[in-house]
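Working through the structure, step by step
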Amino acid sequence: MHVRQLLPALVLALSLVSLPASAASHDGGHGAHGASGAAPAAQAAVYSAKGTITLAEKTEGRITIRHEPVPALNWPAMTMRFRLEDPSLAEGLKEGEAVRFDFRNEASAPVIVNIESLN
Ligand SMILES: [Cu+2]
């Protein structure tokens, strides 16, 4: 009896449900392109940590750090390899040097966006 009134409401409800999904994939595309100036999306949050450089593969744009725990990511202290967003970030840094660094926890590999010596 009220089918004619029910149908438009159902169509509206379905279109509302599909909205967040398309918005999410749109944001993901922008993140992959590394939009400059825009506020970072939640998955591109930057974390800070301290540690000691154990291996500096400068020409590869990689650096291995024995880092302290990162509570924001639930990471224990460990030794792990990071990618450098810009290989020149490691210029002047040596193995055995204490550092403080900022990184994005990207799916493929964590990427250091800033690093400084504590020595
Ligand atoms: Cu780690």
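Look up: the structure comes first, before these words.
If you tally the helices and strands in the chain, you get 1 helix and 5 strands. Overall, the chain shows an N-to-C arrangement of helices and strands of α-β-β-β-β-β. By the burial criterion, 24% of the 119 residues in the chain qualify as buried. Considering only residue pairs separated by 6 or more positions, the chain has 48% of its internal contacts joining residues 24 or more positions apart. Carbon and sulfur atoms make up 59% of the accessible area of the chain, which amounts to about 8,100 Å² in all.

Those donors, His67 (NE2), Met78 (SD) and Met80 (SD), are the protein atoms that reach the copper ion, and they lie 1.9 to 2.6 Å from it. Residue Met78 is classed as partly exposed on the basis of its relative accessible area, which comes to 29%.

Turning to the sheet that holds strand β4 (residues 98-104), a few remarks are in order. Ordered by their spatial adjacency, 5 strands build a closed barrel running β1-β2-β3-β5-β4, and the pairing between neighbours is mixed. Direction aside, the axes of adjacent strands within the sheet are offset by 50° on average. Relative to strand β5 (residues 111-117), β4 runs antiparallel, the two being bridged by 6 bridges. Residue pairing across strands places Phe101 opposite Ile115, the latter belonging to β5.

Glycine aside, a negative phi is what most residues show, and trans is what most peptide bonds show. A positive phi angle is found at Asn74, which is not glycine, with a value near 65°. Checked against the element boundaries, Asn74 lands in the loop between β2 (62-67) and β3 (78-84).

Ile63, Ile65, Phe82, Phe101, Phe103, Ile112 and Ile115 are the most contacted members of the largest nonpolar core, which has 18 residues in total. Within the residue set of this core, elements represented by two or more residues are β1 (46-57), β2, β3, β4 and β5. With residues up to four places along the chain from it excluded, the contact list for Ile112 reads Ile63, Ile65, Phe82, Arg83, Leu84, Glu85, Leu89, Phe101, Asp102 and Phe103.

This brings us to the pattern of salt bridges. Proximity of charged atoms lets side chains of opposite charge pair with each other. Counted according to the given criterion, the structure contains 7 salt bridges. For the salt bridge of Arg104 with Glu106, the shortest nitrogen-to-oxygen distance reads 2.8 Å. For Arg104, a relative accessible area of 18% puts it in the buried group. Among the charged side chains, a salt-bridge network with shared partners connects Arg83, Glu85, Arg104 and Glu106.

So, how was this worked out
Residues numbered from 1 in each chain as written. Predicted model: local features only at pLDDT ≥ 70, side-chain atom pairs only at ≥ 80, totals over all residues. Heavy atoms only, no water. Helix = DSSP H or I, 4+ residues; strand = E, 2+ residues; numbered from the N terminus. Buried < 20%, exposed > 50% of the residue type's maximum accessible area, 1.4 Å probe, protein only. Contact = heavy atoms within 4.5 Å. Areas by Shrake-Rupley, 256 points an atom, 1.4 Å probe, with all protein chains shown as cover. Donors = N, O, S within 2.8 Å, 3.2 Å for Na, K, Ca; no water. Pairing = 2+ DSSP bridges. Axes fitted to C-alpha atoms, helices over the stretch in contact; angles between N-to-C directions. Core = buried A, V, L, I, M, F, W, Y, C linked by side-chain atoms within 4.5 Å. Salt bridge = Lys/Arg side-chain N within 4 Å of Asp/Glu carboxyl O.

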